[in-house]
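Structural overview
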Amino acid sequence: MALAIIALLGHAKGYFSSGEKTLTARVDKVEGKLVEHDRRVQTVESEMRHLPDKSTAHKLELAMANLLGRLDAMDERMKPIAATSERLHDLLLEQARNK
């Protein structure tokens, strides 16, 4: 009778510990995923440090707007020079035909 009880307790222990083994395997798998995600987050954080922040991006936008304004002003200043150059070119072509 004692052997039967010992055998029964052995089977019960095996039955109840099988769920524990499955649970341990799942926890190990989740820990592996957690480590992988932690590495990925650290990579993203290190890359984010190199990107400009909001104020730097705004300063760049203002500088670009300033440059565009200067280029537009320069374009307006160049129009009379281009017109003079075109008239001079036409005059030289006309003189070359008359010779």
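Residues numbered from 1 in each chain as written. Predicted model: local features only at pLDDT ≥ 70, side-chain atom pairs only at ≥ 80, totals over all residues. Heavy atoms only, no water.

Within the protein one finds two helices and zero strands. For 99 residues, the compact-globule formula gives about 13 Å, and the C-alpha radius of gyration of the protein, at 41 Å, lies well above that figure. Judged by the C-alpha coordinates and their principal axes, the protein covers about 135 × 35 × 15 Å. Looking at the protein as a whole, 0% of its 99 residues are labelled buried. Of the roughly 9,800 Å² of accessible surface on the protein, a fraction of 64% belongs to carbon and sulfur atoms. Taken together, the 16 basic and 15 acidic charged side chains of the protein have centroids lying 4 Å from each other. (Helix = DSSP H or I, 4+ residues; strand = E, 2+ residues; numbered from the N terminus. Rg over C-alpha atoms; globule rule 2.2 N^0.38 Å. Buried < 20%, exposed > 50% of the residue type's maximum accessible area, 1.4 Å probe, protein only. Areas by Shrake-Rupley, 256 points an atom, 1.4 Å probe, with all protein chains shown as cover. Lys, Arg positive; Asp, Glu negative; His and termini not counted. Charge placed at Lys NZ, Arg CZ, Asp CG, Glu CD.)

Our next topic: helix H2 (residues 54-98). What sets the pattern is the α-helix's 3.6 residues per turn: residues three or four places apart point alike. Compared with the 66 Å implied by 1.5 Å per residue over 45 residues, the 65 Å span of H2 between its first and last C-alpha is a close match. Remark: the principal bend of H2, roughly 30°, maps to Met 78, with a proline, Pro 80, within the next four residues. (Expected span 1.5 Å × (residues − 1). Bend = angle between axes of the 7 residues up to and from the residue.)

Turning our attention to the environment of Val 44. Residue position: Val 44 is located in helix H1 (residues 2-48). A C-alpha to C-alpha distance of 64 Å links Val 44 and Leu 92, two positions 48 residues apart in sequence.

A word on a nonpolar patch on the surface. Taken together, the side chains of Leu 68, Leu 71, Met 74, Met 78 and Ile 81 make up a nonpolar region of the molecular surface, amounting to roughly 520 Å² of accessible area. For Ile 81, the location among the structural elements is in helix H2. (Patch = residues over 30% accessible without salt bridge, like charges linked within 9 Å, V, L, I, M, F, W, Y side chains within 5 Å. Salt bridge = Lys/Arg side-chain N within 4 Å of Asp/Glu carboxyl O.)

Before going further, it helps to examine a positive patch on the surface. On the surface, Arg 26, Lys 29, Lys 33 and Arg 40 cluster together into a positively charged patch. With respect to the element layout, Arg 40 can be found in helix H1.

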